[in-house]
Amino acid sequence: MAELQEVQITEEKPLLPGQTPEAAKTHSVETPYGSVTFTVFGTPKPKRPAILTYHDVGLNYKSCFQPLFQFGDMQEIIQNFVRVHVDAPGMEEGAAVFPLGYQYPSLDQLADMIPCILQYLNFSTIIGVGVGAGAYILSRYALTGLTSSISEMILGHLFSQEELSGNSELIQKYRNIITHAPNLDNIELYWNSYNNRRDLNFERGGDITLKCPVMLVVGDQAPHEDAVVECNSKLDPTQTSFLKMADSGGQPQLTQPGKLTEAFKYFLQGMGYMASSCMTRLSRSRTASLTSAASIDGNRSRSRTLSQSSESGTLSSGPPGHTMEVSC
């Protein structure tokens, strides 16, 4: 807060008789320093930050903040924001006693847990409300920002939230690789350069566009699916193949190498680098529809759109402009 103002509270206005408290959803997320529990009230509001609270020592979110957020006049505020109440590890109701010798996270480490919560909820900005130790934790988070949890932020860039929540062996592997990378400082520099990138300013039919053949691939659960779809809309359709891969997250080359290989082979074949006899057939458990709507000339211009479709499919050849079903 940039400025403090003295106010006088003259009366209390608790919840009105018969007023129903909002439904709460409690979540737990794994962080590099252990699990943290938080409770969410309300639904995200467009272009509005979330209110995130952190309690003091000896309290939990209910005993610290419930009287404030149930105060009558507060309802006008909270109805416009989603609220996230964080419980420090082991402070939530019903928490088990930590085993003897357990090393409790430092306040700095508790601050480093906050980006994991925001990544889990897909929140980018918050209004912090802290008391005592909680105020210190939020202040530490505000000072360090993204750099204190660079590994978690990069994982959120690489993988979808569904993948991170599932915490599969693949996620555990890459979390370990990035978190314990000996060149993590160098990775952070690369990450900062990426975040300071300029827009490519592609424009379909304009002067700035790719004039070479392009294949865009994105998983249907990828964290940047919308950005790839938007990019496809700005490229020359006669030069661009677009594949949205079903049951795939942010790194299809890791999770769906077979399907990606098949699509890449057809892309190379379209440029004349592989004969059709070289093509392999993959499982028919999924298919992709490959639509060709351009004639073959000296430049082999084409327009193709690939998308995951039905549970079965066949491969049929035909002149350009016909539809081919390919296993994928």
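Keep in mind that what you see is a predicted model, and the values were worked out from it rather than measured. (Residues numbered from 1 in each chain as written. Predicted model: local features only at pLDDT ≥ 70, side-chain atom pairs only at ≥ 80, totals over all residues. Heavy atoms only, no water.)

1. Focus: the pattern of salt bridges
And step 1. With the rule as written, the count across this model stands at 4 salt bridges.
And step 2. With a closest N to O distance of 3.3 Å, Glu93 and Lys62 form a salt bridge. Of this pair, Glu93 sits in the loop between strand S4 (83-87) and helix H3 (107-121) while Lys62 sits in helix H1 (residues 61-69); the two residues are 31 residues apart in sequence, bridging distant segments of the chain.
And step 3. Glu230 serves as the salt-bridge partner of Lys234, at 3.2 Å between the closest nitrogen and oxygen. In this pair, Lys234 and Glu230 are both assigned in helix H9 (residues 225-234), 4 residues apart and thus about one turn of the helix distant. (Salt bridge = Lys/Arg side-chain N within 4 Å of Asp/Glu carboxyl O. Helix = DSSP H or I, 4+ residues; strand = E, 2+ residues; numbered from the N terminus.)

2. Points about the packing of H3 against helix H4 (residues 133-144)
And step 1. Remark: H3 packs on H4, axes separated minimally by 8 Å, with the N-to-C direction vectors making an angle of 65 degrees. Classified by the interaxial angle, the pair formed by H3 and H4 is roughly perpendicular. Handedness of the H3/H4 crossing: right-handed. Here Leu107, Asp108, Leu110, Ala111, Ile114, Pro115 and Leu118 of H3 lie close against H4, whose contacting residues are Tyr136, Ile137, Leu138, Arg140 and Tyr141.
And step 2. Looking at the contact of H3 with H4, its residues break down into 10 nonpolar, no polar and 2 charged. (Axes fitted to C-alpha atoms, helices over the stretch in contact; angles between N-to-C directions. Parallel < 35°, antiparallel > 145°, perpendicular 65-115°, else oblique. Left-handed = near helix turned anticlockwise from the far one by under 90°. Contact = heavy atoms within 4.5 Å. Nonpolar A, V, L, I, M, F, W, Y, C, P; charged D, E, K, R; others polar.)

3. Some thoughts on the environment of Ser165
And step 1. Residue placement: Ser165 occurs in helix H6 (residues 161-166).
And step 2. For the pair Ser165 and Val29, spaced 136 residues apart in the sequence, the C-alpha separation amounts to 7.7 Å.

4. Comments concerning the packing of helix H5 (residues 150-158) against helix H8 (residues 184-195)
And step 1. Contact geometry of H5 with H8 gives a least axis separation of 11 Å together with a crossing angle of 50 degrees. Compared by their axis directions, H5 and H8 come out oblique. The hand of the H5/H8 crossing is left-handed. Of the residues in H8, those touching H5 at Ile150, Met153, Ile154 and His157 are Leu184, Ile187, Glu188, Trp191 and Tyr194.
And step 2. The residue makeup of the contact of H5 with H8, split by class, is 7 nonpolar, 1 polar and 1 charged.

5. What about the side chain of Ser160?
And step 1. For Ser160, the position within the fold is in the loop between H5 and H6.
And step 2. On the accessibility criterion, Ser160 (1% relative accessible area) is buried.
And step 3. Apart from residues lying up to four places away in sequence, Ser160 is in contact with Gln221, Ala222, Pro223, Gly249 and Gly250. (Buried < 20%, exposed > 50% of the residue type's maximum accessible area, 1.4 Å probe, protein only.)

6. Quick look at the packing of aromatic side chains
And step 1. All told, the structure shown has 8 aromatic pairs when counted by the stated rule.
And step 2. Pairwise contacts between aromatic rings join Phe98, Tyr102 and Tyr104 into one cluster.
And step 3. The ring of Phe81 is capped by Arg48, whose NZ or CZ atom sits 5.4 Å from the centre of that ring.
And step 4. Lying over the aromatic face of Tyr194, Arg197 brings its terminal NZ or CZ to 4.0 Å of the ring centre. (Phe/Tyr/Trp six-rings, centres within 6.5 Å; stacked < 30°, edge-to-face > 60°. Lys NZ or Arg CZ within 6 Å of the ring centre and 35° of its normal.)

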